[in-house]
Amino acid sequence: MITVNYHKTCPNGQDLKLVINEQAVEVNESADTTALQYLRSNGLTGTKEGCASGDCGACTVMVGELNGGKVQFKTVNSCIVPIGQLAGMHIVTAEGLADQSGLHPAQDEMVACHGSQCGFCTPGFVMSLAAMVENGDPAKIETVQQGISGNLCRCTGYRPIVQAGMNALGRDYESRLQDPAFFKDTKSPSQGNVQQPLNESALREAMVQYPKASLIAGGTDLMLEVTQRYQHFERLIDVSRVMELRSITETQDTYCIGASVTYTELERFFAQRSQSLVSLLHRLGSRQIRNCGTIGGNLANGSPIADMPPVLICWGATVELCTSSGQTRGVSINEFYRGYRQTVLQADEYIAGIRIPKRSLDSFARFYKSSKRIEDDISSVMGAFLFQGDGSEITAARIAFGGMAATPVSLPGIEDILVGKTINKRLLSEVGEAIGEMMSPMTDVRASAEYRAAMARSMLERALNEFSGVSKPLVMELKLHA
Ligand SMILES: Cc1cc2nc3c(=O)[nH]c(=O)nc-3n(C[C@H](O)[C@H](O)[C@H](O)COP(=O)(O)OP(=O)(O)OC[C@H]3O[C@@H](n4cnc5c(N)ncnc54)[C@H](O)[C@@H]3O)c2cc1C
Ligand code: FES
Ligand code: FES
């Protein structure tokens, strides 16, 4: 283990306490200093900077949190996480994995499997593999693939790295990093430049006290303003620890998903409830992004290419909003977007949660994403389809698209054509033509208008064919050679 003398640079803020590679640290930085900047400027240069936008995984570190007396690790892109958000947590970098007894299994197997060539990506890959080992994940190819989905390698190729992951997960290993004692001095989160309210009333107080501060949840959109547009945030209010916003509650007919629920948590919750959503989530960002990015951030960001709004439109969701004085209102997801990157959210409002009628999940649903890469890529077109009926005749339909206009859109005109009809070639051709007439998609760096229109048509056709049983869902898998 390397011992580092960490320095403090911001005389105005308050110290926050965290642990870095088993060493207790007091940090005093400006609100938007990233964990990567902090680590590298304190000599921990094993963590690399590639893109500074969450895309390449070179900056991946492991973050341990104490949860119910147990330590749980997750990977994050340190280039887009403010160091202040990690108060009370244990950051483990490539320098902190090995100990006197030798390399961590993730490092050892990367060596044995020749998983590294130039080595620039290697610390990031090792951290992604190490987090899975620490959490005792199963030695399955899909697990390893998901775990490294946010790490790019330009020279070695992924097969030896996946093999290293499989071997590392298959090993007997006793971790020294899971000791809850590391957290003994770090219980109370910071009240410095990054406010960290733990419940809704503290959140509202912080919003009243600092009306100009920006809210941050996972930071996977917001922090790009810092690293790509050089914007500066004096103060941030972190909603990711607000208990009510982190929870998923259930009534007889509704699921209420807190705004700060992350995609990784959604994957777990919907594993037995909606395979269609889980398949989409596996294509949303990467493991690092899903560990931080939240459903509330996805909506509040107002992006027309966000993946969750089309799903929520199909499911008939309601967005729960609350002001800093505690006044609440529910807005249908169809009415949440006002224009390009504009929503109905007022300056002193936050998203508390999203209500989804349970019965929506009983219907046939398909959520398709078209992007240039399978993983870690923003959608060119995102299509969401929900049908009821007996498989040939449709009795109810909901269709929504992302990436086709300035806001996510629903298509009641197509739904009207479909309802009461039997699925056959003539119907497919009728709705295919109608969808072309109803939508005038945009051309941008991701896709041309023509491509988007063709994609929307083929997604609709595919969903209808899968509903009627003419075709089966596509499943892609990677096999390792023996
Ligand atoms: C590499 C990479 C890949 C990505 N891939 C995808 C993808 O495949 N699909 C996709 O849809 N998105 C993707 N994104 C975008 C992003 O991850 C998502 O939009 C994510 O859901 C944002 O959530 P967050 O918690 O990180 O939001 P933050 O960045 O914390 O916040 C985003 C905005 O929402 C506001 N906000 C956050 N929470 C609240 C709240 N409770 N109430 C009011 N305002 C709030 C913030 O003030 C900010 O303006 C990607 C981003 C990156 C960097
Ligand atoms: S530097 Fe590329 S993801 Fe952080
Ligand atoms: S080893 Fe060179 S980028 Fe992966």
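Treat the numbers as computed from the prediction; the structure is a model and nothing was measured. (Residues numbered from 1 in each chain as written. Chains lettered and ligands numbered in written order. Predicted model: local features only at pLDDT ≥ 70, side-chain atom pairs only at ≥ 80, totals over all residues. Heavy atoms only, no water.)

Asks: Account for the overall build of the chain, naming residues and giving values.
Replies: Helix and strand counts for the chain come out as 16 helices and 19 strands. A globule of 482 residues ought to have a C-alpha radius of gyration of about 23 Å, and the chain, at 23 Å, matches this closely. Considered along the principal axes of its C-alpha atoms, the chain spans approximately 70 × 60 × 40 Å. Counting over 482 residues, the chain shows a buried share of 56%. Excluding contacts between residues fewer than 6 apart, the proportion of contacts in the chain whose partners are at least 24 apart in sequence is 66%. Taken together, the 44 basic and 51 acidic charged side chains of the chain have centroids lying 2 Å from each other. (Helix = DSSP H or I, 4+ residues; strand = E, 2+ residues; numbered from the N terminus. Rg over C-alpha atoms; globule rule 2.2 N^0.38 Å. Buried < 20%, exposed > 50% of the residue type's maximum accessible area, 1.4 Å probe, protein only. Contact = heavy atoms within 4.5 Å. Lys, Arg positive; Asp, Glu negative; His and termini not counted. Charge placed at Lys NZ, Arg CZ, Asp CG, Glu CD.)

Asks: Can you lay out the packing of helix α15 (residues 425–438) against helix α16 (residues 449–468) for me, pointing to particular residues and giving the numbers?
Replies: Two quantities define a packed helix pair, namely the angle between the helix axes and the distance between the axes. Orientation of α15 relative to α16, taken along the N-to-C sense of each, is 150°, at an axis distance of 9 Å. The orientation of α15 relative to α16 falls into the category roughly antiparallel. Handedness of the α15/α16 crossing: right-handed. Residue-level contacts link Leu428, Ser429, Val431, Gly432, Glu433 and Ile435 of α15 to Ala456, Arg457, Leu460, Glu461, Leu464 and Asn465 of α16. (Axes fitted to C-alpha atoms, helices over the stretch in contact; angles between N-to-C directions. Parallel < 35°, antiparallel > 145°, perpendicular 65-115°, else oblique. Left-handed = near helix turned anticlockwise from the far one by under 90°.)

Asks: For the pattern of salt bridges, give the residues involved together with the corresponding values.
Replies: Summed over the entire model, instances satisfying the criterion amount to 18 salt bridges. Note that Arg462 is salt-bridged to Glu466, the shortest N-O span being 3.4 Å. With Arg462 and Glu466 both in helix α16, this residue pair falls 4 residues apart, about one helical turn. Residue classification places Glu466 among the buried positions, given a relative accessible area of 7%. (Salt bridge = Lys/Arg side-chain N within 4 Å of Asp/Glu carboxyl O.)

Asks: Provide a residue-level description of the sheet that holds strand β5 (residues 90–92), including the pertinent values.
Replies: Pairing is mixed across the open sheet formed by 5 strands, whose spatial order is β2-β1-β5-β3-β4. What marks the edges here is a single partner per strand, and that holds for β2 (23–27) and β4 (70–77). The mean angle between the axes of side-by-side strands here comes to 30°, regardless of whether they run parallel or antiparallel. As paired strands, strand β3 (residues 60–67) and β4 are joined by 8 bridges and run antiparallel to one another. Pairing of Leu66 across the sheet is with Val71, part of β4. Its contacts with the sheet put helix α3 (residues 122–134) on β3, β4 and β5, and the angle it makes with β3 is roughly 25°. (Pairing = 2+ DSSP bridges.)

Asks: Give me unusual backbone geometry: which residues, what numbers.
Replies: Glycine aside, residues mostly have negative phi, and peptide bonds are mostly found in the trans state. One non-glycine residue, His114, adopts positive backbone phi at about 55°. Along the chain, His114 turns up in the loop between α2 (105–112) and α3. A relative accessible area of 62% means that His114 is categorised as exposed. A positive phi angle, near 50°, is found at Asp376, a position not held by glycine. Mapped onto the elements of the fold, Asp376 is located in the loop between β16 (364–370) and β17 (381–389).

Asks: So what about the sheet that holds strand β6 (residues 194–195)? Which residues, and what values?
Replies: By definition, the strands of a sheet pair up through backbone hydrogen bonds, in either a parallel or an antiparallel sense. Read from one edge of the open sheet, 3 strands run β6-β8-β7, paired in parallel fashion. The open sheet has two free edges, formed respectively by β6 and β7 (214–216), since each of these has just one partner strand. Of the strand pairs in this sheet, β6 and strand β8 (residues 236–238) are connected by 2 bridges, and their pairing is parallel. Within β8, the position partnered with Gln195 by the bridge is Ile237. Across the sheet, helix α6 (residues 200–209) lies against β6, β7 and β8, angled at about 175° from β8, the strand it touches most.

Asks: Outline the domain arrangement of the chain, listing residues and values.
Replies: Partitioning the chain into structural domains gives domain 1 (16–182), domain 2 (243–360) and domain 3 (364–468). Distance from the C-alpha centre of domain 2 to the C-alpha centre of domain 3: 21 Å. Listed per partner, the contact involves 28 residues of domain 2 and 30 residues of domain 3. Of the roughly 2,100 Å² buried between domain 2 and domain 3, counting both surfaces, carbon and sulfur atoms make up 63%. Here domain 2 and domain 3 share 1 salt bridge between them. One salt bridge connects Lys369 with Asp307, and the closest N-O pair in it is separated by 2.8 Å. Scanning the region where domain 2 abuts domain 3 turns up 9 residue pairs in polar contact (both at pLDDT 80 or more). Elements represented by at least two residues in the side of domain 2 that touches domain 3 include exactly α10 (275–281), α13 (308–314) and β13 (337–339). Residue contributions to the side of domain 2 that touches domain 3 peak at 5 residues, all from α13. Across the side of domain 2 that touches domain 3, the residue classes break down as 14 nonpolar, 10 polar and 4 charged. (Domains from an automatic or database assignment. Buried area = accessible area lost by both parts, 1.4 Å probe. Polar contact = N/O pair within 3.5 Å; in protein donor to acceptor, adjacent residues only side chain to side chain. Nonpolar A, V, L, I, M, F, W, Y, C, P; charged D, E, K, R; others polar.)

Asks: Any details on the site of ligand 1? Residues and values, ideally.
Replies: Near ligand 1, the surroundings consist of 32 residues, among which Leu215, Thr220, Asp221, Tyr263 and Thr294 are the closest. A distance of 2.9 Å is found between an oxygen atom of ligand 1 and a side-chain nitrogen or oxygen belonging to Asn298. Relative to its unbound accessible surface of 990 Å², ligand 1 loses 93% to contact with the protein. Listed by contribution, the elements that provide at least two residues to the shell around ligand 1 are β7, α12 (295–300) and β15 (349–357). Among the elements that line the shell around ligand 1, the one with the most residues is α12, at 3 residues. (Near = heavy atom within 4 Å. Areas by Shrake-Rupley, 256 points an atom, 1.4 Å probe, with all protein chains shown as cover.)

Asks: Pulling in residues and values, what's your account of the environment of Lys70?
Replies: Among the secondary structure elements, Lys70 is positioned in strand β4. Sequence separation between Lys70 and Val344 is 274 residues, and the spatial gap between their C-alpha atoms is 40 Å.

Asks: Tell me about α16, and name the residues and values.
Replies: The terminal C-alpha atoms of α16 lie 29 Å apart, and with 20 residues this matches the ideal 28 Å at 1.5 Å per residue to within 8%. The inward-facing, buried residues of α16 contact β16, β17, β18 (394–402), α14 (412–418) and α15. One or two positions beyond α16, positive phi appears at Gly469, with a value near 85°. (Expected span 1.5 Å × (residues − 1).)

Asks: I'd like a description of the packing of aromatic side chains, backed by residues and values.
Replies: All chains considered together, the criterion is met by 12 aromatic pairs. Seen from their ring centres, Phe269 and Phe270 are 5.1 Å apart, and the 90° between their planes marks the pair as edge-to-face. Between the aromatic rings of Phe364 and Phe467, the centroid separation amounts to 5.1 Å while the plane-to-plane angle is 65°, which identifies the pairing as edge-to-face. Taken together, the positions of Phe364 in strand β16 and Phe467 in helix α16 put the pair 103 residues apart, joining distant regions of the chain. Summarising the burial analysis for this pair, Phe364 and Phe467 share the class buried. Pairwise contacts between aromatic rings join Tyr255, Phe269, Phe270, Trp315 and Phe367 into one cluster. The ring of Phe269 is capped by Arg273, whose NZ or CZ atom sits 3.9 Å from the centre of that ring. Positioned above the aromatic ring of Tyr368, the side-chain terminus of Arg462 is 3.9 Å from the ring centre. (Phe/Tyr/Trp six-rings, centres within 6.5 Å; stacked < 30°, edge-to-face > 60°. Lys NZ or Arg CZ within 6 Å of the ring centre and 35° of its normal.)

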